[in-house]
Amino acid sequence: MYLGFVGLGVMGQPMALNLARAGTPLVVWNRTPARCDPLRAAGARVAADAGEVFERAGVVILMLADEPAIDAVLGRGTPEFAARVAGCTVVHMGTTSPEYSAGLGATVRAAGGSYVEAPVSGSRVPAERGELVAMLAGDGPALEVVRPLLAPMCRETFDCGAVPGALLMKFSVNLFLITLVTGLTEAFHFADRHGLDQRLLVDVLDAGPMASPVFRMKAPKLLARDFAVQAAAADVLKNNRLIAEAARKADLASPLLDVCHALFDETVAQGHGGADMVAVLRALEARTEGTRSVRM
């Protein structure tokens, strides 16, 4: 039986390609048909529509942008929903609110299907290399089915209990990631405005305890002012908003996250939503210029 994959965006396409190249019998669909061409070339079956994916696959991975896109693919709220998910394991690998995921899991189970949350940590480059880290939550027997299927995409998987434990774990990870990359970007901005050699800054950081895979991925981009997307600023803003909402609902303070939220909001408002998250540099530079204007 085929494994289904729906959603071939910046992350989904390389993830699905790793499955196809590993020899997984794969049936795929994407709203923009051209995104399916590399999968067809890699041997995957391209479905005529989302419904065909569910007809042919017993497990369907969804790597979709948002909640309305998931509902549309599943036919949620229509008679098609039960027909699609009954007897099927739905694997939600995107990022949504925890409440949405919990509700989706309940409706899938009520319709006779199984449900697994499997959000991932990592951006486009780890996705291309099959080095994502997956966090799993959901129905026990379904987890045992899904875990080995993720191997071509993920170097490690971690069980996070019941839904929505995996999404909450991803939020915890992404809170650290967002503040880490924003801090690195601000350090580059600080060094630049003090006339320091940014290459020397990279060498000093790389030699010390601040070095990390994230640093080694993002520092060269900052050095070159390379904003080609690995993790889009608009997606970071979306994640930031979801994490902030989860913090408010739990009566948690999140001061660092809130500052980052404002900076990424400004980055997207300035038209850099499709650029990499290090484009938050643009918001920092705009704030600096604004401060200088006020002083003058």
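For the structure, check the block above.
Here is what the cut-offs are and how they apply
- Residues numbered from 1 in each chain as written.
- Predicted model: local features only at pLDDT ≥ 70, side-chain atom pairs only at ≥ 80, totals over all residues.
- Heavy atoms only, no water.
- Helix = DSSP H or I, 4+ residues; strand = E, 2+ residues; numbered from the N terminus.
- Rg over C-alpha atoms; globule rule 2.2 N^0.38 Å.
- Contact = heavy atoms within 4.5 Å.
- Areas by Shrake-Rupley, 256 points an atom, 1.4 Å probe, with all protein chains shown as cover.
- Lys, Arg positive; Asp, Glu negative; His and termini not counted.
- Charge placed at Lys NZ, Arg CZ, Asp CG, Glu CD.
- 1 Å grid on protein atoms, 1.4 Å probe; cavity = no way out; pocket = protein on both sides within 12 Å on 5 of 7 lines; lining within 4 Å.
- Points joined across faces, edges and corners; volume = space filled by probe spheres on them.
- Buried < 20%, exposed > 50% of the residue type's maximum accessible area, 1.4 Å probe, protein only.
- Pairing = 2+ DSSP bridges.
- Right-handed = clockwise from strand over helix to strand, strands pointing away.
- Disulfide = S-S within 2.5 Å.
- Salt bridge = Lys/Arg side-chain N within 4 Å of Asp/Glu carboxyl O.

Undergrad: Tell me about the overall build of the protein, and name the residues and values.
TA: Along the backbone of the protein there are 14 helices and nine strands. Relative to the compact-globule value of 19 Å for 296 residues, the protein shows a C-alpha radius of gyration of 20 Å, a close match. Within the protein, contacts between residues at least 6 apart in sequence are counted, and of these 64% link residues at least 24 apart. Surface accessibility of the protein: about 13600 Å² in total, with carbon and sulfur atoms responsible for 58%. Each charge class in the protein can be summarised by its mean position, and for the 28 positive and 31 negative side chains these summaries are 3 Å apart.

Undergrad: Can you tell me about the layout of surface pockets, naming the residues and giving the values?
TA: Volume-wise, the largest pocket comes out at about 1000 Å³. Residue lining of the largest pocket: 38 residues in total, with Met 11, Met 63, Leu 64, Ala 65 and Asp 235 positioned closest to the centre. Those elements that provide at least two residues to the lining of the largest pocket are helix 4 (67-74), strand 7 (120-121), helix 9 (165-193) and helix 12 (233-249). When residues of the lining of the second largest pocket are traced back to their parent elements, those giving at least two are helix 7 (124-129), strand 8 (132-138), helix 9 and helix 11 (213-224).

Undergrad: Explain the pairing of strand 1 (residues 2-6) residue by residue, including any values.
TA: Looking down a regular strand, the side chains alternate between one sheet face and the other. Across the five residues of strand 1, four count as buried, placing the element largely inside the fold. Strand direction decides the pairing type here: strand 1 and strand 4 (residues 57-62), joined by five bridges, are parallel. Counterpart to Gly 4 in the pairing with strand 4 is Val 60. By the bridge criterion, four bridges tie strand 1 to strand 2 (residues 26-29) in an arrangement that is parallel. Bridging from a neighbouring strand, Gly 4 pairs with Val 27 of strand 2. Regarding the hand of the β-α-β motif, the stretch spanning strand 1, helix 1 (residues 12-21) and strand 2 is right-handed.

Undergrad: Give me the lowdown on the state of the cysteines, citing residues and values where you can.
TA: On inspection of all chains with the given rule, the structure shows zero disulfides. The thiol of Cys 160 is unpaired, and the distance to the nearest cysteine sulfur, on Cys 154, comes to 12 Å.

Undergrad: Explain the pattern of salt bridges to me, and be specific about the residues and the numbers.
TA: If you walk through the whole model with that rule in mind, you get 20 salt bridges. The salt bridge involving Arg 248 is made with Asp 258; its shortest N-O contact spans 3.5 Å. Of this pair, Arg 248 sits in helix 12 while Asp 258 sits in helix 13 (residues 255-272), and the two are 10 residues apart along the sequence. Residue class for Asp 258 comes out partly exposed when judged on its relative accessible area of 31%. Among the charged side chains, a salt-bridge network with shared partners connects Arg 45, Glu 52 and Arg 56.

Undergrad: I'd love a proper account of unusual backbone geometry, names of residues and values included.
TA: One can expect most non-glycine residues to show negative phi and most peptide bonds to be in trans. A cis amide bond links Val 163 to the next residue, Pro 164, at an omega of 10°. Mapping Pro 164 onto the fold places it in the loop between strand 9 (154-159) and helix 9. Phi angles above zero are rare outside glycine, and Asp 251 is one such case at about 55°. For Asp 251, the location among the structural elements is in the loop between helix 12 and helix 13.

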